[in-house]
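# Commentary on secondary and tertiary structure
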Amino acid sequence: MYLSGEVDLDPHCERSLEPLGGNRLNADVVVVGGGPAGRRAANESATAGLRVILISRSTVPGSFATQFGVPLRPLDARVTLLPSHAAAGVYREGHVVLAAPIAPTLPATLIVTNRLILATGRRSCPPLVPGHDLPGVVDAHAALQLAAQIGASLGPTVVLGTGGQTLVAQILAQSGATVIATGQIASLTRVNGRNRVQSVEFDGRRVDCRTLVHVGPWITDPSLGFQASAAGVLRLARAAATPAHMDVVGSAAEGDESPQVGELQALRGTAVCPCMDVTVGELLSHIEAGETHIEVLKRATSCGMGPCQGFPCWELMRAVVQRASGGKAGYDRPSHRPPRRGITVEQAAGLDGFLEVE
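Residues numbered from 1 in each chain as written. Predicted model: local features only at pLDDT ≥ 70, side-chain atom pairs only at ≥ 80, totals over all residues. Heavy atoms only, no water.

## Topic: the environment of P259
In this structure, P259 sits in the loop between β20 (246–248) and β21 (271–273). Sequence separation between P259 and V207 is 52 residues, and the spatial gap between their C-alpha atoms is 23 Å. Dropping the residues within four chain positions of it, P259 is found in contact with C125, P217, I219, E315, L316 and A319. (Helix = DSSP H or I, 4+ residues; strand = E, 2+ residues; numbered from the N terminus. Contact = heavy atoms within 4.5 Å.)

## Overview of the layout of surface pockets
A volume near 230 Å³ is recorded for the second largest pocket. Those elements that provide at least two residues to the lining of the second largest pocket are β6 (85–91) and β18 (230–231). By residue class, the composition of the lining of the second largest pocket is 6 nonpolar, 2 polar and 3 charged. (1 Å grid on protein atoms, 1.4 Å probe; cavity = no way out; pocket = protein on both sides within 12 Å on 5 of 7 lines; lining within 4 Å. Points joined across faces, edges and corners; volume = space filled by probe spheres on them. Nonpolar A, V, L, I, M, F, W, Y, C, P; charged D, E, K, R; others polar.)

## Quick notes on the pattern of salt bridges
The full count for this structure, using the stated rule, is 13 salt bridges. A salt bridge links R299 to E295; its shortest N-O distance comes to 2.7 Å. Residue R299 and its partner E295 are both found in helix α7 (residues 294–301); the two are separated by 4 residues, about one turn of the helix. Classification of R299 as partly exposed rests on a relative accessible area of 47%. In this structure, a network of salt bridges that share partners links the residues R123, D221, R340 and R341. (Salt bridge = Lys/Arg side-chain N within 4 Å of Asp/Glu carboxyl O. Buried < 20%, exposed > 50% of the residue type's maximum accessible area, 1.4 Å probe, protein only.)

## Concerning the packing of aromatic side chains
This model, assessed by the stated rule, comprises 1 aromatic pair. Their ring planes at 90° and their centres at 5.0 Å tell us that F64 and F68 sit as a pair that is edge-to-face. (Phe/Tyr/Trp six-rings, centres within 6.5 Å; stacked < 30°, edge-to-face > 60°.)

## Here we look at the packing of α7 against helix α8 (residues 313–324)
Contact geometry for α7 and α8: axes closest at 11 Å, N-to-C directions at 120°. The way α7 lies across α8 gives a crossing that is right-handed. Touching I294, L297 and K298 of α7 are W314, M317, R318 and V321, all from α8. Looking at the contact of α7 with α8, its residues break down into 5 nonpolar, no polar and 2 charged. (Axes fitted to C-alpha atoms, helices over the stretch in contact; angles between N-to-C directions. Left-handed = near helix turned anticlockwise from the far one by under 90°.)

## As for helix α3 (residues 140–150)
Inspection of α3 places A140, A143, L144 and A147 among the buried residues, and these make up the whole buried set. One side of α3 carries all its buried residues, which in axial view fall inside an arc of 100°. Tucked into the core, α3 has its buried residues touching α2 (63–67), β10 (137–139), α4 (165–174), β16 (211–215) and β17 (218–219). Looking one or two places after α3, you find G151, whose phi comes out positive at around 50°. (Arc of directions from axis to C-beta.)

## Some remarks on the sheet that holds β16
Strands sit in the order β10-β16-β11-β12 across an open sheet of 4 strands; the sheet is parallel. What marks the edges here is a single partner per strand, and that holds for β10 and β12 (178–184). In this sheet, neighbouring strand axes are inclined to one another by 25° on average, regardless of whether the strands run parallel or antiparallel. Taken together, the 5 bridges between strand β11 (residues 156–161) and β16 define a ladder with parallel strand orientation. When the bridges of β16 are listed, V158 appears paired with L212. Strand contacts of α3: β10 and β16, with the helix running at about 100° to β10, the strand carrying the most contacts. (Pairing = 2+ DSSP bridges.)

## A short note on the environment of V207
Note that V207 resides in strand β15 (residues 205–208). Judged by relative accessible area, which is 10%, V207 ranks as buried. Those residues in contact with V207 that sit more than four places away from it in its chain are V158, I180, Q198, S199, V200 and F202.

## Thoughts on the pairing of strand β7 (residues 96–101)
Most of β7 sits out of view: 6 of its 6 residues are buried. Across the two faces of β7 the burial is the same, with V96, L98 and A100 and V97, A99 and P101 all buried. Where β6 and β7 come together, 6 bridges link them in antiparallel fashion. Opposite A87, over in β7, you have A99 as the bridge partner. Linkage of β6 to β7, two consecutive antiparallel strands, is achieved through a turn of 4 residues, within which R92 is found at a positive phi near 50°. Relative to strand β8 (residues 109–118), β7 runs antiparallel, the two being bridged by 4 bridges. The residue bridging V97 from the neighbouring strand is I111, located in β8.

## A short note on the packing of helix α6 (residues 280–288) against α8
Running from amino to carboxyl end, α6 crosses α8 at an angle of 50°, the nearest separation of the two axes being 11 Å. Classified by the interaxial angle, the pair formed by α6 and α8 is oblique. Judged by the sense of rotation from one axis to the other, the crossing of α6 with α8 is right-handed. Judged by residue contacts, V280, L283, L284 and I287 of α6 engage M317, V320, V321 and A324 from α8. Residue classes in the contact of α6 with α8 are distributed as 8 nonpolar, no polar and no charged. (Parallel < 35°, antiparallel > 145°, perpendicular 65-115°, else oblique.)

Next up, the structure:
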């Protein structure tokens, strides 16, 4: 039997219908991110005799830094590692962390902690130009992973960024990718193609390619920090001060670069949020009618309410509002509610009763 074409309830199916279950752990310190800063924070806490749990999306923590040639210190054996897990959300001012495994068939883990350290790094934000959402436009992280797996199958590749594009191009080439051009992301004006990238226009020229890699602008995903600092019910608002028991370390603490946004009127048909079909023109229609509040625009358009859960769509939306308002609006944030990352109903149900209701 099928419900809505999604769930197989055939009694003869091989998969057991037994509850998945879940895990609850207690810690003195939870570190999110296994790069250089996360490892340093975890090791220092373990050396101080604290119970430390490190959450890493990678199977081997720090794999992105390793691809860039950044040396990583060994992780202290006393640190409890949750690899291939995403910090899906934080609750109760950062004292409760939900860790969801990347594999949907594994149970989720609820961690009660005294201290939270965010070492989540920064992510490359795609440029807001026509064609930026075409298949073949990828960020540096995804490009390095793809190159390690398929190399030359990336096809002719252009790498544009805010300073690290030369290094990324070198690493891609070593993996077998064919890098034909590099340059500044600020010079990009258009990505051409119908069902995939066919060419890009930058520095006043057109270059035929199959893949465009953006290496910056680098922006911190603020969701976990927002959740730990937020107050309110109907609309979460970030508190003025970061909780004393939460720290942000590494590149995540270095601040954000400004998103690359083209001329707004030429972008009216360009998607800000491809998942929810929100265009620059739709945002401009609200802004021209006098609405510039980011939370209201989010709810009116559903921008960022798809699988991405706001990144990078809300950053691009804020940039559009700032540009359209002449810098007078667009600096507030929408509500970053947990769970931030994907978690199945079965994983969530497995945590039932693990935490007392307040």
